[in-house]
Amino acid sequence: MKAYKKEVQFTIWMTAAFIVVGNVGLIFSIFPVDGMLFGFPVMYIVPILMGWFGVFFLTIVAGKIGNRIDDEIDSENDALGISDEVKDV
């Protein structure tokens, strides 16, 4: 059961991280900045880059950590004798 709790907490934290990274543009629109990055205004390019690469990075991290948690769940289920197969009665 410990791995299931870890999975729920991980899901909640990753959801919050995806929401924050995906909405960085709103934060930059609240606090406009006069600066340039790669020849673009900072308040336009940073939200785009965070939206693309930030979400991409979080997706990779979520996949790796999620697989580890799934392995923990499988090992806990094996220890308890619970199988993944659905048995027809």
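Residues numbered from 1 in each chain as written. Predicted model: local features only at pLDDT ≥ 70, side-chain atom pairs only at ≥ 80, totals over all residues. Heavy atoms only, no water.

**Q** How should helix H3 (residues 42-80) be read in this particular structure?
**A** Residues lying three or four places apart along an α-helix face the same way, a consequence of the helix completing one turn every 3.6 residues. Along its 39 residues, H3 runs 54 Å from first to last C-alpha, staying within 8% of the 57 Å computed at 1.5 Å per residue. Within H3, the axis deviates most sharply at Met50, by approximately 25 degrees. All buried positions along H3 are accounted for by Val42, Ile45, Val46, Pro47, Gly54, Leu58, Ala62, Gly66, Ile69, Ile73 and Asn77. Lining the buried residues of H3 we find helix H1 (2-22), helix H2 (24-30), strand S1 (36-37) and strand S2 (40-41). (Helix = DSSP H or I, 4+ residues; strand = E, 2+ residues; numbered from the N terminus. Expected span 1.5 Å × (residues − 1). Bend = angle between axes of the 7 residues up to and from the residue. Buried < 20%, exposed > 50% of the residue type's maximum accessible area, 1.4 Å probe, protein only. Contact = heavy atoms within 4.5 Å.)

**Q** Sorry if this is basic, but what is going on with the UniProt feature "transmembrane region" (unreviewed entry) in the protein chain here?
**A** Here the UniProt feature "transmembrane region" (unreviewed entry) sits at residues 12-31 and 37-61. Secondary structure over residues 12-31 splits into 90% helix and 0% strand, and the C-alpha atoms at its two ends are 27 Å apart. (UniProt positions renumbered as here; feature names shortened; annotations may be inferred.)

**Q** Which parts of the structure should I look at to understand the environment of Gly63?
**A** Tracing the backbone through its elements, the reader meets Gly63 in helix H3. A relative accessible area of 31% places Gly63 in the partly exposed class. Residues Gly63 and Ile30, spaced 33 residues apart in sequence, show a C-alpha to C-alpha distance of 32 Å.

**Q** It is not clear to me how the packing of H1 against H3 should be interpreted in this structure. Could you clarify?
**A** Axes are the key here: two packed helices are described by the angle between their axes and the distance separating the axes. The geometry of H1 relative to H3 is characterised by a closest axis approach of 10 Å and an angle of 175 degrees between their N-to-C directions. The angle between the axes of H1 and H3 places the two elements in the roughly antiparallel class. For the contact of H1 with H3, the residue count by class is 14 nonpolar, 6 polar and 6 charged. (Axes fitted to C-alpha atoms, helices over the stretch in contact; angles between N-to-C directions. Parallel < 35°, antiparallel > 145°, perpendicular 65-115°, else oblique. Nonpolar A, V, L, I, M, F, W, Y, C, P; charged D, E, K, R; others polar.)

**Q** When you look at the side chain of Asn77 in this model, what are you seeing that I'm missing?
**A** In this fold, Asn77 is placed in helix H3. The contact partners of Asn77, leaving out residues within four places of it in the chain, are Tyr4 and Ile82.

**Q** Sorry, what's going on with the nonpolar core here?
**A** One broad rule of soluble globular proteins: the nonpolar side chains tend to lie buried together. Counting 8 residues, the largest nonpolar core consists of Ala3, Phe10, Met14, Val21, Leu58, Ala62, Ile69 and Ile73. For this core, the secondary structure elements donating two or more residues are H1 and H3. What Phe10 contacts, discounting residues up to four positions off in sequence, is Ala62, Ile65, Gly66 and Ile69. Ranked by size, the runner-up nonpolar core spans 5 residues in total, among them Val24, Val42, Ile45 and Val46. (Core = buried A, V, L, I, M, F, W, Y, C linked by side-chain atoms within 4.5 Å.)

**Q** What should I look at first to understand unusual backbone geometry in this one?
**A** Among all residues except glycine, the phi angle is most often negative; among peptide bonds, the trans geometry is most common. Located in the positive-phi region is Phe38, a residue other than glycine, with phi close to 60 degrees. Along the chain, Phe38 turns up in the loop between S1 and S2.

**Q** Is there a simple way to explain the environment of Ile73 in this structure?
**A** Considering the arrangement of structural elements, one finds Ile73 in helix H3. On a C-alpha basis, the gap between Ile73 and Pro32 in space is 46 Å, while along the polypeptide they are 41 residues apart. Ignoring sequence-local partners within four residues, the contact set of Ile73 consists of Ala3, Tyr4 and Glu7.

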